[in-house]
Amino acid sequence: MPTTKFEDLLEAGCHFGHLKRKWNPAMAPYIFMESNGIHIIDLHKTAVKIDEAAAALKQIAKSGRKILFVATKKQAKEVVAEAAQAISMPYVTERWPGGMLTNFPTIRKAIKKMSTIDKMATDGTFDNLSKREKLQITRQRAKLEKNLGSIADLVRMPSALFVVDVLKEQIAVREAKRLGIPVFGIVDTNSNPGEIDFVIPANDDATKSIDIILKAMVAAVQEGLQELKIEKVEAENAEEPQTHDKRVRGAKKVRIHKEDEVALNAKVADKFLKNTEE
């Protein structure tokens, strides 16, 4: 897994924090200096934290579990959606549906409702509805798709959350913490890192900054998924010889049984012939 370079982070503007008057004192360990009233983030620490988070996400992906990406701010929506789609992970880039994690069964019901509407469109049920009813159902389907379409494949609770701007997505962070789900987050100088399990101190307002961090996460997850795939193939290949041996042993047993049967029949025939001769 490649390590993150200081120069790349610097070029992407990951070091720019918020104005000094907006800072959160808990971010002091990650601040390098102040320049023109703006806090500058220590990118050496950022690089280390990115690598730590990437290694942890790789292990989660390798175990076959899901990671939910969350970013509803304008600068992050597109890059987060592209990153999550590249590794087939669920994501939320529209409004966070309150209770999505703490009331997950209700969210699953709403997702199933989309499937029901799709089925109505294909089985001819729509043909029996009025124009007004069709319009209402179509609008409902579009609304559900906008808010929940990106998590349609999330059949069980995610094993981790990756959040861009933990201050803006504080509801998602609280829900995850309540359920014991680890949170990975890009944390700017105005946020509290105490609620985040894997803190990545960086500029969470610049698209380039978000993008370079996401690329490191995506590369790690892809590596984990690839290793999972290799392990599955090796396990399948290891099972095949055992199955073949079982078949061979079974065939030998059948052959032995048949030989015994032939020998037994021969003995019975000999006994019958001797009794006849007598």
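Residues numbered from 1 in each chain as written. Predicted model: local features only at pLDDT ≥ 70, side-chain atom pairs only at ≥ 80, totals over all residues. Heavy atoms only, no water.

## What to know about the nonpolar core
Core analysis: the biggest nonpolar cluster contains 39 residues, and F69, F162 and M217 have the highest contact counts within it. Broken down by secondary-structure element, the contributors of at least two residues to this core are helix 2 (43-62), strand 4 (67-70), helix 3 (74-86), strand 6 (160-164), strand 7 (183-187) and helix 7 (207-277). For this core, the element with the highest residue contribution is helix 2, accounting for nine residues. Residues in contact with M217, not counting those within four places in the same chain, are I50, A53, A54, L57, F162 and I200. Core analysis: the second largest hydrophobic core is formed by 29 residues, M27, I151, V173 and V199 among them. (Core = buried A, V, L, I, M, F, W, Y, C linked by side-chain atoms within 4.5 Å. Buried < 20%, exposed > 50% of the residue type's maximum accessible area, 1.4 Å probe, protein only. Helix = DSSP H or I, 4+ residues; strand = E, 2+ residues; numbered from the N terminus. Contact = heavy atoms within 4.5 Å.)

## Let's talk about the pattern of salt bridges
Counting across every chain of the model gives 14 salt bridges. The closest approach of N and O atoms between R141 and E145, which form a salt bridge, is 2.9 Å. Here R141 and its partner E145 are both found in helix 5 (residues 131-148), four residues apart, which amounts to about one turn of the helix. Its relative accessible area of 38% is what places E145 among the partly exposed residues. The partner of K215 in a salt bridge is D211, with the nearest N and O atoms 3.4 Å apart. Here K215 pairs with D211, and both are found in helix 7, just four residues apart, close to one helical turn. Taken together, the shared-partner salt bridges connect K58, K62, E223, E227 and E231 into one network. (Salt bridge = Lys/Arg side-chain N within 4 Å of Asp/Glu carboxyl O.)

## Quick look at the packing of aromatic side chains
Applying the stated criterion across every chain, the model contains two aromatic pairs. A ring pair is formed by F69 and F162, whose centres lie 5.5 Å apart and whose planes are at 40°; its orientation type is tilted. With a gap of 93 residues between them, F69 in strand 4 and F162 in strand 6 connect regions that are remote in the sequence. As far as the burial class goes, F69 and F162 line up, both buried. Ring plane angle 5° and centroid distance 4.3 Å describe the contact between F184 and F198, whose orientation is recorded as stacked. Of this pair, F184 sits in strand 7 while F198 sits in strand 8 (residues 198-201), and the two are 14 residues apart along the sequence. What makes F184 buried here is its relative accessible area of 1%. (Phe/Tyr/Trp six-rings, centres within 6.5 Å; stacked < 30°, edge-to-face > 60°.)

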